[in-house]
Amino acid sequence: METDSKPSPSFPLLCGVWFALVAVSVAGRLWQPAASVTPLAGAALAAGAVFSSPLVAASVPLSALAISNLVLPGYGDSFSGWVMAGVIYAAFAWPVLLGGVVRKGRLLAILGGALASSLVFFLATNFAHWCLTDDYPHTAAGLLACYAAGLPFYRWMPVGDVAWTLACIGGLACVPGLAPFGGAAARARPISSHPVNAA
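Residues numbered from 1 in each chain as written. Predicted model: local features only at pLDDT ≥ 70, side-chain atom pairs only at ≥ 80, totals over all residues. Heavy atoms only, no water.

### Notes on the overall build of the protein chain
Quick note on the threshold: Put simply, DSSP H or I for four residues or longer makes a helix, DSSP E for two residues or longer makes a strand, and each gets a number counted from the N terminus. Here's how the labels work: a residue is buried when its accessible area is under 20% of the maximum for its type, exposed when over 50%, partly exposed in between, all with a 1.4 Å probe on protein chains only. Only heavy atoms enter the contact rule, under which two residues are in contact if any of them lie within 4.5 Å. Working definition of accessibility: Shrake-Rupley area with a 1.4 Å probe, residue cover restricted to the visible protein chains.
Scanning the protein chain for helices and strands turns up nine helices and two strands. Seen in sequence order, the protein chain has helices and strands lined up from the N terminus as β-α-α-α-α-α-α-α-α-α-β. Within the protein chain, the proportion of its 199 residues that are buried is 37%. For the protein chain, long-range pairs separated by at least 24 residues make up 72% of all intrachain contacts whose partners lie at least 6 apart in sequence. For the protein chain, the exposed area adds up to about 10900 Å²; of that, 72% sits on carbon and sulfur atoms.

### What about helix α3 (residues 54–68)?
One turn of the α-helix equals 3.6 residues, which is why residues spaced by three or four share an orientation. The cut-off we apply is this: Between the first and last residue of a helix there are one fewer steps than residues, each counted as 1.5 Å, and that sum is the expected span. Note on bend: at a given residue it equals the angle between the axes fitted to the 7 residues ending there and to the 7 starting there.
Relative to the 21 Å expected for 15 residues at 1.5 Å per residue, α3 spans 22 Å between its end C-alpha atoms, a close match to the ideal helical length. At Val-60, α3 shows its strongest bend, of approximately 30 degrees, with the proline Pro-61 following within four residues. Buried within α3 are the following residues: Ala-57, Ala-58, Val-60, Pro-61, Ala-64, Leu-65 and Ser-68.

### Overview of the nonpolar core
To keep things clear, this is the line we draw: Nonpolar cores are built from buried Ala, Val, Leu, Ile, Met, Phe, Trp, Tyr and Cys residues. Side-chain atoms within 4.5 Å join them into one set.
One finds Val-17, Leu-21, Val-50, Phe-51, Val-60, Phe-92 and Leu-172 to be the most contacted residues of the largest nonpolar core, which totals 42 residues. The greatest single-element share of this core, amounting to eight residues, is contributed by helix α2 (residues 40–50).

### Concerning the packing of α3 against helix α4 (residues 79–93)
We count it as follows: To obtain each axis, a line is fitted to C-alpha atoms, and for helices this fit is confined to the stretch in contact; angles are then taken between N-to-C directions over 0 to 180 degrees. Any angle that is under 35 degrees is reported as roughly parallel, and any over 145 degrees as roughly antiparallel; angles of 65 to 115 degrees are reported as roughly perpendicular and all others as oblique. Here a crossing is called left-handed whenever its near helix is offset anticlockwise from the far helix by less than a right angle, and right-handed whenever the offset is clockwise. Each residue is assigned to one of three groups, with Ala, Val, Leu, Ile, Met, Phe, Trp, Tyr, Cys and Pro labelled nonpolar, Asp, Glu, Lys and Arg labelled charged, and all others, Gly among them, labelled polar.
Where α3 contacts α4, the two axes come as close as 8 Å, and the packing angle between them is 140 degrees. Overall, the two elements α3 and α4 adopt an arrangement that is oblique. Crossing handedness for the pair α3 and α4: right-handed. Residues Ala-58, Pro-61, Leu-62, Leu-65 and Ala-66 of α3 lie in contact with α4, whose contacting residues are Ile-88, Tyr-89, Phe-92 and Ala-93. Partitioned by chemical class, the residues of the contact of α3 with α4 number nine nonpolar, no polar and no charged.

Right, here's the structure in full:
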């Protein structure tokens, strides 16, 4: 028994995918139809599914953040601002670790990855804001108040992450020579060890 393995995408194709995901992420972050509705999580999940190296995959959302931050307001030059920036960058980069799950192409896994990305970003950034500022008392009640104040900004984020994730992954799945979302079953399909004569 042998396994039917798909050929790896070519290097030029992977470069094109990298630049396309970064470009879409930058454009989508600069133009947001609603607060926190950006392609960053979707691009990160797609990058994690396409690129075998987590570092290369993570460079997609990190590069998009760095480029778009040249235009958007920064996080400040204080220590707190730098820490907050690190939390934001990490919160947008970690979804690449879900690439193996997303690569299987199951809809529930893709939706779960998108929703998990939104939730982790909300929890991490609001917790960092509570820790780093004096806007809320450093008590359990203060933390809950901080999360409550962040809910209006979170309201559309899951919707945007799901929509952009489906768009990014669906678009890449249609690219000839790429198709990273065939599923483990397709990649491990047994084939006959006997030669087949071509007609």
